[in-house]
Amino acid sequence: MAAYDRMYGDLLREREGVLTKLEELRSAGKQRGATYQQLLAQKLTLQNLMGRFEIYGIRPE
């Protein structure tokens, strides 16, 4: 179970990094660029994975 907790923590950290990069691009007016679109897809993928963890009750408190 500890490995799942570590993985969930890694997903949280990765999502925060993606959100930071998205905000930087957004503030620069680059929402239509390929990098922004790729990061947006990555954010959605990470949220989906985290949602799956939560469905199965694997989430650090």
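The numbering scheme is per chain: residues are counted from 1 as the chain's sequence reads. Only residues with pLDDT of at least 70 get local features here, since the model is predicted, and only at 80 or more are side-chain atom pairs given and counted; chain-wide, interface and lining totals rely on the full set of residues. Side-chain metrics rest on all non-hydrogen atoms present in the structure, leaving aside hydrogens and water.

> Can you break down the pattern of salt bridges residue by residue, with the values?
Salt bridges are identified by distance alone: a Lys or Arg side-chain nitrogen within 4 Å of an Asp or Glu carboxyl oxygen. Overall, the coordinates contain three salt bridges when judged by the stated rule. The partner of Arg 13 in a salt bridge is Asp 10, and the shortest N-O contact between them spans 2.3 Å. You can see Arg 13 and its partner Asp 10 sitting in helix 1 (residues 2-27), three residues apart, about one turn around the helix. For Glu 23, the salt bridge is made with Arg 26, and the minimal N-O distance between the two is 2.7 Å. With Glu 23 and Arg 26 both in helix 1, this residue pair falls three residues apart, about one helical turn. The partly exposed category is assigned to Arg 26, whose relative accessible area is 35%. By definition, any uninterrupted DSSP run of H or I lasting at least four residues is a helix, any uninterrupted run of E lasting at least two residues is a strand, and each is numbered from the N terminus. The rule is simple: take the accessible area with a 1.4 Å probe, protein chains only, and divide by the maximum for that residue type; under 20% is buried, over 50% is exposed, in between is partly exposed.

> Kindly report on the environment of Gly 9, identifying the contributing residues and their values.
Note that Gly 9 resides in helix 1. Classification of Gly 9 as buried rests on a relative accessible area of 14%. Between the C-alpha atom of Gly 9 and that of Gly 57, which follows or precedes it by 48 residues, the distance is 14 Å.

Bear in mind that shape data such as this cannot, by itself, settle questions of function.
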